[in-house]
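This is what each chain is made of:
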Amino acid sequence: MNISLKVSKKTKNKTIVKDYAPAFIEGEYVTNRMDSPGKFTFSLVENKGVAIEVGSCVKVKLDGNNFFKGYVFTAERSEDRRVKYTAYDQLRYLKAKASYTFTAVTLEEIITKIAKDFNLKVGDLAKTGYKFPSLIKENESCLDIIFDALSTTIVQTGKIFLFYDDFGKLTLKEAKKLKWNKLTGTGSGLSNYSYKRDIDSDTYNRVKLARPNKDTGKADTYVYEDTEKIKQWGLLQYYDTVDENLNKAQIDEMCKTYLKYYNRIWQTLKLKNIIGHYKIRAGWIIPVRLDDVEDVDVTRFFLAEKVTHKLSGNTHIMDIDVKDFNKLGADDGFD
C-alpha cells in the first residue's frame, strides 16, 4: 500500500501544499450510511509542536486512487511526539442549524439549495422521482434535514439512495449502482464475523400517522397494522405527525408504504479484518456467503451500514457492518 497524504493551507496570496506521508504512522477512515460525515483520524510523528493547523484541507490517496478529502477539526499531541488529527468531509459543515420551507421539491433539489447556501461543492445527484408536497423544518441541523428527507424518499420510492461526500463533492446515488464484485465470507479468508436477527431496531408492525386539524383542534389519526405480526412480536408502533396539507389518500398511502418497509425482521452482519479496498464505503452492496449460517449459506446481497478502514504501515484492512439489502425492499437485479 502506497499512501499519499497531502495537506493544503490557504494564505492571503497562495495555497501551500505539503506532503506528510513520510511522517504517517496510522489512520482510520469511518463512514456511516446515515446521519454522519465521513471521519478520518490519522497520527504523525512530529518533532516540533503541531504541524497541521485546524481548518487545513487533507487529501489522502491509496496507490494513486482517491480515498478521502476533508478538513482538520482537531489536533492532539502526546508526549511521544505523536500528533493525532481528526478530519471530516464536507458533511461536517451541514451540522449548522437553519430553517427551511420547501414545497413540491425533490431530495436532490433540497440538497442543491442547502449546499448553495453553505458554499459546498456538489457532484452527481441522482433523480429520485419523489416530490415532497410540503416540508417545513425549523431550527434543525441541515444534516438532519437532508437525512430525514433521504429516509422519507427511501420509504416512498422503495429505492435505497445514498448521500455522501465523494472526495470533495456532495453526491446522491442509488445503492444498486455501487456493488462490490468480490464475494465476502466462505472461501474468501474471512474468519471473524457475527450474525444477528432482530426486531429491536427499526421494526414496526403498526403505523400511526397524525394530521393536525385546525377546525376541530384535534389531530386526525390514520392507522395501519399487521395483526399477525402483532400476535407474534407484540405491538411495535411507529408514530409521527404529517403535514396538515396532505389529504386522506396521501396519508393512507404513506401508512401502507411505511408498514411495508418497517414490518420485518432485520438481519445484520459484522465482518472484520477484510482485505481493504479504497472504493468501499458505507452504502455499497456487498455479496456475502457464510456456509455455517443457515440464512446466508447461499450468496446474499447486504448493504454496508458502516465501514471502517484501518491503515498501518503496508497493511490496509476493513471492518464492515452490513444489513440485508433484499429485505429492504430492493430487488435482486442490478443496472
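The coordinates are above.
Conventions used here
Residues numbered from 1 in each chain as written. Predicted model: local features only at pLDDT ≥ 70, side-chain atom pairs only at ≥ 80, totals over all residues. Heavy atoms only, no water. Pairing = 2+ DSSP bridges. Helix = DSSP H or I, 4+ residues; strand = E, 2+ residues; numbered from the N terminus. Axes fitted to C-alpha atoms, helices over the stretch in contact; angles between N-to-C directions. Parallel < 35°, antiparallel > 145°, perpendicular 65-115°, else oblique. Contact = heavy atoms within 4.5 Å. Nonpolar A, V, L, I, M, F, W, Y, C, P; charged D, E, K, R; others polar. Buried < 20%, exposed > 50% of the residue type's maximum accessible area, 1.4 Å probe, protein only. Lys, Arg positive; Asp, Glu negative; His and termini not counted. Salt bridge = Lys/Arg side-chain N within 4 Å of Asp/Glu carboxyl O. Phe/Tyr/Trp six-rings, centres within 6.5 Å; stacked < 30°, edge-to-face > 60°. Lys NZ or Arg CZ within 6 Å of the ring centre and 35° of its normal.

## What to know about the sheet that holds strand 16 (residues 219-225)
- The sheet built from three strands is open, its strands ordered 16-15-17 with mixed pairing. Across the chains shown, the open sheet's two edge strands, defined by having one partner strand only, are strand 16 and strand 17 (237-241). Averaged over all adjacent pairs, the angle separating strand axes in this sheet is 15 degrees, with direction ignored.

## Points about the packing of helix 1 (residues 107-117) against helix 2 (residues 142-157)
- It is at 10 Å that the axes of helix 1 and helix 2 come closest, and there the two elements cross at 170 degrees. In terms of orientation, helix 1 and helix 2 fall into the roughly antiparallel class. Contacts between helix 1 and helix 2 involve Leu107, Ile110, Ile111 and Ile114 from the first element and Cys142, Ile145, Ile146, Ala149, Leu150 and Thr153 from the second.
- Class assignment for the residues of the contact of helix 1 with helix 2 results in nine nonpolar, one polar and no charged.

## Quick word on the sheet that holds strand 11 (residues 161-165)
- Spatial strand order, 9-12-11: three strands in an open sheet with mixed pairing. In the strand order of this sheet, the two ends are held by strand 9 (122-125) and strand 11, each with one partner. Put simply, the sheet's adjacent strands are angled 15 degrees from each other on average, direction ignored.
- The pairing of strand 9 with strand 12 (residues 170-174) spans two bridges and is classified as parallel. By the bridge assignment for strand 12, leucine 125 is matched with leucine 172.
- Along the sheet face, helix 2 touches strand 11 and strand 12 and points at about 155 degrees away from the line of strand 11.

## Notes on the pairing of strand 20 (residues 300-312)
- The buried count for strand 20 comes to 10 of 13 residues, which makes it a mostly enclosed element.
- When strand 3 (residues 24-32) meets strand 20, the two strands line up antiparallel, connected through seven bridges. Looking at strand 20, one finds that tyrosine 29 is bridged to histidine 309.
- The pairing of strand 19 (residues 285-289) with strand 20 spans four bridges and is classified as antiparallel. In the strand pairing of strand 20, isoleucine 286 is matched with phenylalanine 302.

## Concerning the side chain of glutamate 174
- Within the secondary structure, glutamate 174 is located in strand 12.
- Salt bridges are absent for the buried glutamate 174, whose nearest opposite-charge side chain, lysine 176, sits at 4.4 Å.
- Every residue in contact with glutamate 174, bar those within four places of it in the chain, is listed here: Ala126, Lys159, Ile160 and Phe161.

## Some points on the packing of aromatic side chains
- The full count for this structure, using the stated rule, is 19 aromatic pairs.
- Measuring from ring centre to ring centre gives 5.3 Å for tyrosine 204 and tyrosine 238, while their planes differ by 75 degrees; the resulting arrangement is edge-to-face. Taken together, the residues tyrosine 204 in the loop between strand 14 (192-198) and strand 15 (206-212) and tyrosine 238 in strand 17 connect sequence positions 34 residues apart.
- What links up through ring pairs into an aromatic cluster is the set Tyr29, Phe40, Phe42, Phe67, Phe68 and Tyr85.
- Sitting over the ring of tryptophan 266, arginine 264 keeps its end group 5.3 Å from the ring centre.

## Some remarks on the packing of helix 2 against helix 4 (residues 248-262)
- Close contact between helix 2 and helix 4 brings their axes to 8 Å; oriented N to C, the two are set at 95 degrees. Put simply, helix 2 runs roughly perpendicular to helix 4. On the side of helix 2, the interface is formed by Thr152, Ile154, Val155 and Gln156, while helix 4 contributes Met254, Thr257, Tyr258, Tyr261 and Tyr262.
- When its residues are assigned to classes, the contact of helix 2 with helix 4 shows six nonpolar, three polar and no charged.

## With respect to the pattern of salt bridges
- Summed over the entire model, instances satisfying the criterion amount to 14 salt bridges.
- Note that arginine 211 is salt-bridged to aspartate 220, the shortest N-O span being 3.3 Å.
- When its relative accessible area of 22% is taken as the criterion, aspartate 220 is described as partly exposed.
- Glutamate 253 is the partner of lysine 256 in a salt bridge, and the nearest nitrogen-oxygen pair spans 3.9 Å. In this pair, lysine 256 and glutamate 253 are both assigned in helix 4, three residues apart and thus about one turn of the helix distant.
- The class for lysine 256 is partly exposed, based on a relative accessible area of 42%.
- Glutamate 253 gets classed as partly exposed once you look at its relative accessible area, which sits at 42%.
- Salt bridges linked by common partners bring Lys137, Glu140 and Asp148 together as one network.

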